[in-house]
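Close look at the chain arrangement
Given next are the chains, with one letter for each unit.
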Amino acid sequence: MARGYAITLPVGWHRLSLRDDDQAVVRSAEHRFLTRDDDSARSALARHRFRETVTRLVARARATGVVDLFVHAGPSRTGIGPMSLTVSVVAGTGLDTEDRLVDDDDPVAPRFVRVSLPAGPALRRARREAVPLADVVDDVIAVGDPEACAPDADAARRRGQGHETDSASLDHLIALPDSAGACLMLSFRAIGGPHVEAELHHADSIVRTLRWT
C-alpha cells in the first residue's frame with residue numbers, strides 16, 4: 001500500500017492486532033473488556049465464551065485478508081451496541097467502473113452509491129436486515145456482557161425463539177492515493193439490536209475521520 005491511514009475511534013473501540021498469535025490477541029482483548037478476574041464458575045464460563053468469540057472474529061478477519069480489526073463491546077451511553085470494523089485493501093480498477101456499483105453474486109443487495117469524504121471520493125453501501133434473535137444471542141452476550149451466566153444465556157435464547165432483531169452492515173470503498181486503482185475498504189458490522197440506525201450514523205462519523213499518513 002503506497003499510503004498509510006489513520007482514523008479516530010470514539011471511546012469503547014479497541015484494536016485487535018492480527019499480527020499477534022491467537023493467544024496474544026485474546027489476552028489483549030480480555031485485558032480491555034473483562035473486568036472480573038476470579039476463579040468462580042461464572043467468570044470461567046464468561047472468559048471461555050469471550051475467548052471463543054474473539055478467536056472466531058480474528059480467524060474470519062485473517063481468512064478474508066483484513067489489515068486491521070477493531071471491536072466495540074458496547075453498550076455505550078448513547079445505546080451503541082457491539083460492533084466490529086475491518087479494514088482491508090481491495091485491488092482493482094478503482095471507483096470509476098460500474099461493476100463496483102453492482103453485486104453480481106447478490107443482485108437484490110443494496111448497491112454502492114458515490115459519496116465524497118474528507119479523504120477523497122468513495123463508494124458507500126449500507127445494508128439492514130432482520131436476523132433470528134436466537135442466532136445472535138451468544139455473540140451479543142460474549143462481547144457485550146461476557147460475565148452473564150449460563151442460565152441467563154439459556155433464558156435469552158428461549159426468549160429469542162421465533163423473534164427477529166435488526167442488524168446492519170456498512171461498507172466504504174475509498175480510493176487510495178497514488179495506488180493505481182486500489183481502494184481501502186472499511187466494513188462495519190453490528191451484531192443486532194434496537195439501535196441500528198444510531199450505529200450506522202456512528203460508523204459514518206468514524207469514516208469521516210479517515211486521513212492519509
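Residues numbered from 1 in each chain as written. Predicted model: local features only at pLDDT ≥ 70, side-chain atom pairs only at ≥ 80, totals over all residues. Heavy atoms only, no water.

Structural notes on the pattern of salt bridges
By the definition in use, this model includes six salt bridges. Here Arg 125 and Asp 171 are joined by a salt bridge, their closest N and O atoms 3.2 Å apart. Here the residue Arg 125 occupies a position in strand β6 (residues 120–132), and Asp 171 occupies one in strand β7 (residues 164–175), the gap between them amounting to 46 residues. Here the two residues Arg 125 and Asp 171 agree in accessibility, since each one is buried. For the salt bridge of Arg 128 with Glu 197, the shortest nitrogen-to-oxygen distance reads 2.6 Å. Of this pair, Arg 128 sits in strand β6 while Glu 197 is found in helix α5 (residues 196–207), placing the two residues 69 residues apart along the sequence. Here Glu 197 falls in the partly exposed class, since its relative accessible area comes to 40%. Counted as one network, the salt bridges with shared partners bring together Arg 125, Asp 171 and Arg 189. (Salt bridge = Lys/Arg side-chain N within 4 Å of Asp/Glu carboxyl O. Helix = DSSP H or I, 4+ residues; strand = E, 2+ residues; numbered from the N terminus. Buried < 20%, exposed > 50% of the residue type's maximum accessible area, 1.4 Å probe, protein only.)

Overview of the packing of aromatic side chains
Inspection of every chain in the model, using the stated rule, returns one aromatic pair. Their ring planes at 85 degrees and their centres at 6.2 Å tell us that Trp 13 and Phe 188 sit as a pair that is edge-to-face. Separated by 175 residues along the polypeptide, Trp 13 in strand β2 (residues 13–16) and Phe 188 in strand β8 (residues 183–190) bring together distant segments of the chain. For the pair shown, Trp 13 and Phe 188 are each scored as buried. (Phe/Tyr/Trp six-rings, centres within 6.5 Å; stacked < 30°, edge-to-face > 60°.)

What about helix α1 (residues 22–33)?
With 12 residues, α1 should reach 16 Å at 1.5 Å per residue; the first-to-last C-alpha distance of 16 Å fits that figure. Buried within α1 are the following residues: Ala 24, Val 25, Val 26, Ala 29, Glu 30 and Phe 33. (Expected span 1.5 Å × (residues − 1).)

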